[in-house]
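Observations on the model geometry
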Amino acid sequence: GQNIDQPTEMTATEGAIVQINCTYQTSGFNGLFWYQQHAGEAPTFLSYNVLDGLEEKGRFSSFLSRSKGYSYLLLKELQMKDSASYLCAVRGPYGQNFVFGPGTRLSVLP
Amino acid sequence: NAGVTQTPKFQVLKTGQSMTLQCAQDMNHEYMSWYRQDPGMGLRLIHYSVGAGITDQGEVPNGYNVSRSTTEDFPLRLLSAAPSQTSVYFCASSYSRGNEKLFFGSGTQLSVL
């Protein structure tokens, strides 16, 4: 089976940096994805890691360590619009089926 | 380009009623899936399809049926609604090859009384 854990809630200040952690235990691994979900809306893709290391995309970076079953999403220069839930998802060994973590609700304060 | 279109956005049912949630995509994606999202539990896979005529069960399939007669459409049927099926439902699609991200529909808020 697969189990994914994330902090439930985080709070940060506008302009700051925040790191959202994700730990996973899986019977197979074929990539880790991060999605952003604003309240009442659909999830949208943020980043993807399949190999160990850091992937950078503008203000967002994602890191993966497969040996530790660990990933984090780093958000820099926080803006009010970054207030949302951030979902960690592991793609299994077969096809496109994903297992999602419970999500981390981030509140950005002025 | 509409992407993934999901209807209805809101629905209220009485226990025992049946209904169909519609999902259509215009991106020629082979893979389509249905998730439900409940507070504190994340998205859970209900059913999925890797192509027309092919469907399979996900993590929480009981009480739901699907079919895939065309590449574009993937409806989700609730056979006899129960209060435990109160949830937000998302349809998602992607290409099957490579490491492709999911594209999500806008969601259906379903309440079963």
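Residues numbered from 1 in each chain as written. Chains lettered and ligands numbered in written order. Predicted model: local features only at pLDDT ≥ 70, side-chain atom pairs only at ≥ 80, totals over all residues. Heavy atoms only, no water.

Some words on the overall build of chain B
Counted only if it meets this: The helix count covers DSSP runs of H or I at least four residues long, the strand count covers runs of E at least two residues long, and both are numbered beginning at the N terminus. With C-alpha atoms as the basis for the radius of gyration, the globule rule is written as 2.2 Å multiplied by the number of residues raised to the power 0.38.
Check the secondary structure of chain B and you find zero helices and 11 strands. Ordered by position in the sequence, the α and β elements of chain B form the string β-β-β-β-β-β-β-β-β-β-β. Taken over C-alpha atoms, the radius of gyration comes to 13 Å for chain B, in line with the 13 Å a tight globule of 113 residues would show. Dimensions of chain B, computed from the C-alpha atoms along their principal axes, are close to 40 × 30 × 25 Å.

Topic: the sheet that holds strand S8 (residues 76-78) of chain B
Residue and element names in this part refer to chain B. In plain terms, the rule: Two strands qualify as a pair provided DSSP detects at least 2 bridges between them. Axis lines are fitted to C-alpha atoms, over the contacting stretch for helices. Their N-to-C directions set the angle, which ranges from 0 to 180 degrees.
The sheet built from four strands is open, its strands ordered S1-S3-S8-S7 with antiparallel pairing. Each edge of the open sheet carries a strand with a single partner, namely strand S1 (4-7) and strand S7 (64-66). Strand-to-strand twist in this sheet, taken as the mean axis angle between neighbours without regard to direction, amounts to 20°.

Focus on the state of the cysteines
How we decide: The disulfide criterion is simple: two cysteine sulfur atoms within 2.5 Å. Each residue is placed in one exposure class: buried if its accessible area under a 1.4 Å probe, protein chains only, is under 20% of its type's maximum, exposed if it is over 50%, and partly exposed if it falls in between.
Evaluation of the coordinates by the stated rule reveals two disulfides over all chains. Note that cysteine 22 of chain A is cross-linked by a disulfide to cysteine 88 of chain A, the S-S spacing being 2.0 Å. Disulfide cysteine 22 of chain A-cysteine 88 of chain A: the torsion about the S-S bond is -65°, which places it as left-handed. Of the two residues, cysteine 22 of chain A sits in strand S3 (residues 18-25) while cysteine 88 of chain A sits in strand S9 (residues 84-91), which places them 66 residues apart along the sequence. Residue cysteine 22 of chain A is classed as buried on the basis of its relative accessible area of 0%. Cysteine 88 of chain A sits in the buried class, given a relative accessible area of 0%. In this model, cysteine 23 of chain B is linked to cysteine 91 of chain B through a disulfide, with the two sulfur atoms separated by 1.8 Å. Here the S-S torsion is close to -70°, and the disulfide linking cysteine 23 of chain B with cysteine 91 of chain B is therefore left-handed. Of the two residues, cysteine 23 of chain B sits in strand S3 (residues 19-25) while cysteine 91 of chain B sits in strand S9 (residues 87-94), which places them 68 residues apart along the sequence. Like cysteine 91 of chain B, cysteine 23 of chain B is buried.

Here we look at the interface of chain A and chain B
Here is the rule we go by: Should any heavy atoms of two residues lie within 4.5 Å, those residues are considered in contact. Buried area: the sum, over both parts, of the accessible surface (1.4 Å probe) that disappears when the two are put together. The salt bridge criterion pairs a side-chain nitrogen of Lys or Arg with a carboxyl oxygen of Asp or Glu, the two atoms within 4 Å.
Each partner contributes to the interface: chain A provides 17 residues, whereas chain B provides 21 residues. The contact between chain A and chain B buries some 1500 Å² in all, and 54% of this surface belongs to carbon and sulfur atoms. Considering only the surface of chain A that becomes buried against chain B, Gln96, Asn97 and Phe100 of chain A emerge as the three largest contributors, covering 36% of it. Run the count over chain A and chain B and you get zero salt bridges.

Things to note about the confidence of the model for chain A
Counted only if it meets this: By definition, pLDDT measures how confident the predictor is in each residue, and it falls between 0 and 100.
Per-residue pLDDT for chain A averages 93, and the proportion of residues at 70 or more is 99%. Mean pLDDT across the secondary structure elements of chain A bottoms out at strand S10 (residues 98-100) of chain A, with 90, and peaks at strand S8 (residues 70-75) of chain A, with 98.

Points about the pattern of salt bridges
This structure, assessed with the given rule, holds six salt bridges over all chains. Residues aspartate 52 of chain A and arginine 66 of chain A are paired through a salt bridge, measuring 3.0 Å at the closest nitrogen-oxygen approach. Of the two residues, aspartate 52 of chain A is situated in the loop between strand S5 (44-49) and strand S6 (53-57) and arginine 66 of chain A in the loop between strand S7 (60-65) and S8; the sequence distance between them amounts to 14 residues. By relative accessible area, which is 44% here, aspartate 52 of chain A ends up partly exposed. For arginine 66 of chain A, a relative accessible area of 42% gives the class partly exposed. Among the ionic pairs, arginine 36 of chain B bridges to aspartate 38 of chain B, the shortest N-O distance being 2.9 Å. Residue class for arginine 36 of chain B comes out buried when judged on its relative accessible area of 8%. Overall, aspartate 38 of chain B belongs to the buried group, its relative accessible area being 11%. Connected via shared salt-bridge partners are Arg36, Asp38 and Arg44 of chain B.

Concerning the sheet that holds S3 of chain A
Strand pairs in the sheet, formed through backbone hydrogen bonds, run parallel or antiparallel to each other. Residues and elements named next belong to chain A. In space, the five strands of this open sheet follow the order S1-S3-S8-S7-S6, with antiparallel pairing throughout. Both edges of this open sheet fall to strand S1 (3-5) and S6, since each of them pairs with a single strand only. On average, each strand axis in the sheet is inclined to that of its neighbour by 15°, with strand direction left out of account. Note that S6 and S7 share five bridges and pair antiparallel. For lysine 57, the partnering residue across the bridge sits in S7 and is phenylalanine 60.

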